Amino acid sequence: MDKVKEEDFVNLIQDPKLEELEEISETFNIFTALDIIRREIRHSNFLAWLMNPNETHGLGDYFLDKFLKRIVMKSLPSEVDYPSIFEIDSWDFNNAEVIREWENIDILIRSEQLKFVCTIENKINASEGENQLRRYKELISKRYPEFRKLFVFLTVVGDTPEEEEYIPFSYAEIADIIDDLLKNKEDKISREIIKFIEHYKDMIRRYILE
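**Student:** Sorry if this is basic, but what is going on with the overall build of the protein chain here?
**Tutor:** Within the protein chain, the regular secondary structure consists of nine helices and five strands. Residues counted as buried form 51% of the 210 residues belonging to the protein chain. Put simply, of all contacts in the protein chain between residues at least 6 apart along the chain, 64% involve residues at least 24 apart. Carbon together with sulfur atoms contributes 44% to the accessible area of the protein chain, which is approximately 10800 Å² in total.

**Student:** Any chance you could explain the pattern of salt bridges here in plain terms?
**Tutor:** Oppositely charged side chains can form a pair if their charged atoms are brought close together. This model, assessed by the stated rule, comprises 16 salt bridges. A salt bridge links Asp-65 to Lys-69, with the nearest nitrogen and oxygen atoms 3.1 Å apart. Here the residue Asp-65 and the residue Lys-69 both occupy positions in helix 5 (residues 62-74), the gap between them amounting to four residues, near one helical turn. Under the relative-accessibility criterion, Asp-65 is labelled buried at 11%.

**Student:** How should the sheet that holds strand 4 (residues 148-155) be read in this particular structure?
**Tutor:** Note: strands within a sheet are paired through backbone hydrogen bonds, in either parallel or antiparallel orientation. One open sheet holds the five strands; their spatial order is 1-2-3-4-5, and the pairing between them is mixed. Each of the sheet's edge strands pairs with one partner strand only, and the pair in question is strand 1 (97-102) and strand 5 (166-170). If you compare each strand with its neighbour and ignore which way they point, the axes differ by 25 degrees on average. Sheet analysis places strand 4 next to strand 5, joined by five bridges and oriented parallel. By the bridge assignment, Thr-155 is partnered in strand 5 with Ser-170. Contacts between helix 7 (residues 132-143) and the sheet are confined to strand 1, strand 2 (105-111), strand 3 (116-122), strand 4 and strand 5, with strand 4 contributing the most and set at about 160 degrees to the helix. The strands that helix 8 (residues 171-185) touches are strand 3, strand 4 and strand 5; relative to strand 5, the one it contacts most, it runs at about 65 degrees.

Criteria and cut-off values
- Residues numbered from 1 in each chain as written.
- Predicted model: local features only at pLDDT ≥ 70, side-chain atom pairs only at ≥ 80, totals over all residues.
- Heavy atoms only, no water.
- Helix = DSSP H or I, 4+ residues; strand = E, 2+ residues; numbered from the N terminus.
- Buried < 20%, exposed > 50% of the residue type's maximum accessible area, 1.4 Å probe, protein only.
- Contact = heavy atoms within 4.5 Å.
- Areas by Shrake-Rupley, 256 points an atom, 1.4 Å probe, with all protein chains shown as cover.
- Salt bridge = Lys/Arg side-chain N within 4 Å of Asp/Glu carboxyl O.
- Pairing = 2+ DSSP bridges.
- Axes fitted to C-alpha atoms, helices over the stretch in contact; angles between N-to-C directions.

Here's what the structure looks like:
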């Protein structure tokens, strides 16, 4: 898998030349420098890193909790028994697993303890594949029949998926969650991680959304 490791970014952030580069150009961005803007795999890797409560960012389940709450707030009545905002608020996701490319699903969030599973299909350049979302839904329903489920279709502008049970979500909403994270967790995590996350948010707003 084409994976960008967090330590690569941290090493780059700590490079003394970084401040010189930022002084030279306000448009300098780690992610654009590494040519990540339109690479779905790299975005999925970074988002999975942010969502994973056991990763090295020190955020615990903060990002994952905020993300899932926004998802359920957008959910509409359907055949899927979506968790409510009150349930998400009461759940502890610190033991949740965040898995990349499970059965080709971009991001799978799973908690055996909570009997909960969420699938995220991430699209930046590509369009929805024929019956792709339906196949993933049927796979999850068969593999986790007793679990509460969320199905998320993440695109640049929050495109409406053909499969009704999927909840559309946009990169603008991802950037909003990161804004909230930076505002409320700035004094809780390291400067290097803050800079890392800021660069990702700025890259979304400047190069993906614009």
